[in-house]
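Below, each chain spelled out in residue letters.
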Amino acid sequence: MVTAGIDIGSRSIELVVLKNGEIHHMSHAETSFDYINQVKELLSGIKAERIIATGYGRHLVAKELGFPHITEIKAHAAGIHRLAPTVRTILDIGGQDSKAISIDSKGRVRRFEMNDRCAAGTGRFLEVMAQALGCRISDFGELAMRGDDMVKISSMCTVFAETEVVALRARGTKPADVARALVNAVIQRSATMLKRVGIEGEVAFCGGVARNRAIVEGLSRVLNCSIIVPENPEFTGALGAALLAQLSPP
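Numbers given to residues run from 1 along each chain, matching the order in which its sequence is written. The predicted nature of this model means local features are confined to residues of pLDDT at least 70 and side-chain atom pairs, given and counted, to a pLDDT of 80 or more, with totals for whole chains, interfaces and linings taken over all residues. Only hydrogens and water are set aside when side-chain values are computed; all heavy atoms of the structure are taken into account.

1. Describing the sheet that holds strand β1 (residues 2-8)
- Note on pairing: DSSP must find at least two bridges between two strands before they are called paired. Note on conventions: DSSP H or I runs of at least 4 residues are helices, E runs of at least 2 residues are strands, and numbering of each starts at the N terminus. Pairing within the open sheet is mixed, and its four strands lie in the order β3-β2-β1-β4. Single-partner strands in this sheet number two, and they are β3 (22-30) and β4 (50-54). Across the sheet, the mean angle separating the axes of adjacent strands is 15 degrees when strand polarity is ignored.
- Where strand β2 (residues 12-19) meets β3, eight bridges bridge the pair, whose relative direction is antiparallel. Interaxial angle, 0 to 180 degrees, is taken between N-to-C directions of lines fitted to C-alpha atoms, where a helix line uses only the stretch in contact.

Given below as structure tokens:
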């Protein structure tokens, strides 16, 4: 049996194809204004018996292409349960939102907290802050690792935080110290969400921001627990959608 899950996020699109329950194909594209055609291109040549969409653009994809769809919360729960069956708490930080999810022993969602009202603490927030500091987003975590904890960021609003970063740099504050302060703010916001849903054992961290080593290590320190980051943290939602596609007939 061949199934596929496609996660249409605000910043990127991920596709996972399963063949007899095992990963057969993975691909990725940056999200553009015409993501319906991007989805079609990613699926070109893929012969799946059932495809499930998830993510930011799932409703339009379902309408235009006829795919069933599920929430990102349910998709990430299923994906993490497959990758780390003992995990009961999940943090997902994507391009435009963040989620804390509590799951049971079968990978079903028990509780969740979600920030989707603004970009605070998300991948987009960190991209803007990296630009304000004149560094690449891929280098932001390592920059923060070299910083001290002497600086505080008072606002998590992307616009106000960017203004604050510019002001700190104008006063001669080291870029590494500013990056550290921004990372600490994201960590505190994420820790608060996780505590609301309840932390049980290890925490799985998925989404593109999970590649930021400073956030992973800082979160582990603040929560006093291990943080599990999948090998491909951006693909967890697509994997979960593909897995759930196996449970229903085409």
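2. Some words on the layout of surface pockets
- Two kinds of site are reported from a 1 Å grid over the protein atoms alone, namely cavities, where a 1.4 Å probe fits but cannot get out, and pockets, open sets with protein on both sides within 12 Å along at least five of seven lines, and residues are called lining when an atom falls within 4 Å of a point. Grid points are joined across faces, edges and corners, and a volume is the space filled by probe spheres set on the points. The space that makes up the largest pocket amounts to roughly 940 Å³.
- Taken together, 37 residues line the largest pocket, and the ones lying closest to its centre are Arg11, Gly94, Gly95, Gly208 and Val209.
- Only β2, β3, α3 (72-83), β5 (89-93), α4 (123-133) and α5 (137-145) provide two or more residues apiece to the lining of the largest pocket.
- Residues are grouped as follows: Ala, Val, Leu, Ile, Met, Phe, Trp, Tyr, Cys and Pro are nonpolar; Asp, Glu, Lys and Arg are charged; every other residue, Gly included, is polar. In terms of residue class, the lining of the largest pocket is made up of seven nonpolar, 15 polar and 15 charged.

3. Some points on the environment of Arg108
- As for its placement among the helices and strands, Arg108 is situated in the loop between β6 (98-103) and β7 (109-115).
- Separated by 92 residues in sequence, Arg108 and Val16 place their C-alpha atoms 20 Å apart.
- The contact definition used throughout considers only heavy atoms, calling two residues in contact when any of these lie within 4.5 Å. With residues near it in sequence (within four places) discarded, Arg108 still touches Ser102 and Ile103.
- A polar atom in the side chain of Arg108 sits 2.8 Å from the side chain of Asp104. Identification of polar contacts relies on pairs of N or O atoms within 3.5 Å, with a donor-acceptor requirement for protein atoms, meaning one able to donate a hydrogen and the other able to accept it, and with residues adjacent in sequence counted only if both atoms are side-chain atoms.

4. Things to note about helix α8 (residues 213-223)
- Only protein chains enter the accessibility calculation, which uses a 1.4 Å probe; a residue is then buried when its area is under 20% of its type maximum, exposed when over 50%, and partly exposed in between. Within the span of α8, buried status applies to Ala214, Ile215, Val216, Gly218, Leu219 and Leu223.
- Those residues of α8 hidden inside the fold are in contact with β5, α4, α5, α7 (175-197), β8 (203-206) and β9 (227-228).
- Where α8 begins, one side-chain oxygen reaches toward the backbone nitrogen of Ala214, 3.1 Å away; that side chain belongs to Asn212.
- A positive backbone phi angle near 55 degrees is found at Asn224, which sits one or two residues after α8.

5. Looking at the sheet that holds β8
- The sheet built from five strands is open, its strands ordered β7-β6-β5-β8-β9 with mixed pairing. The strands lining the two open edges of the sheet, one partner per strand, are β7 and β9.
- Relative to β8, β5 runs parallel, the two being bridged by four bridges. The residue of β8 that forms the bridge with Thr89 is Val203.

6. Digging into the environment of Glu64
- One can find Glu64 in helix α2 (residues 58-65).
- Distance from Glu64 to Ile36, taken between C-alpha atoms, is 7.7 Å for residues 28 residues apart in sequence.

7. Thoughts on the side chain of Ser27
- Tracing the backbone through its elements, the reader meets Ser27 in strand β3.
- The exposure class of Ser27 is buried, given its relative accessible area of 15%.
- In contact with Ser27, other than residues within four places in its own chain, are Ile13, Glu14, Leu15, Leu42 and Phe235.

8. Points about helix α1 (residues 35-43)
- Among the residues of α1, those classed as buried are Tyr35, Ile36, Gln38, Val39, Leu42 and Leu43. Burial along α1 is one-sided: seen end-on, the buried residues are contained in an arc of 160 degrees.
- The elements touched by buried residues of α1 are β1, β2, β3, β4 and α2.
- Following α1 by one or two positions, Gly45 has its phi on the positive side, about 85 degrees. By arc we mean the arc of the directions from the helix axis to the C-beta atoms, nothing more.

9. What about the pattern of salt bridges?
- The rule for a salt bridge is simple: a side-chain nitrogen of Lys or Arg has to be within 4 Å of a carboxyl oxygen of Asp or Glu. The tally for this structure, following the rule as stated, stands at 14 salt bridges.
- The residue Arg11 makes a salt bridge to Glu127 at a minimum N-O spacing of 2.5 Å. Taken together, the residues span a long stretch of sequence, with Arg11 in the loop between β1 and β2 and Glu127 in helix α4 at a distance of 116 residues.
- A residue is classified by how much of its surface remains accessible, and Arg11, at 30% relative accessible area, is partly exposed.
- Close ionic contact of Glu113 with Arg196 constitutes a salt bridge, the shortest N to O distance being 3.7 Å. One end of the pair, Glu113, is in strand β7; the other, Arg196, is in helix α7, and 83 residues separate them in sequence.
- Residues joined in a network through salt bridges with shared partners are Arg11, Arg124 and Glu127.

Everything listed is a geometric property; what it means functionally is a separate question.
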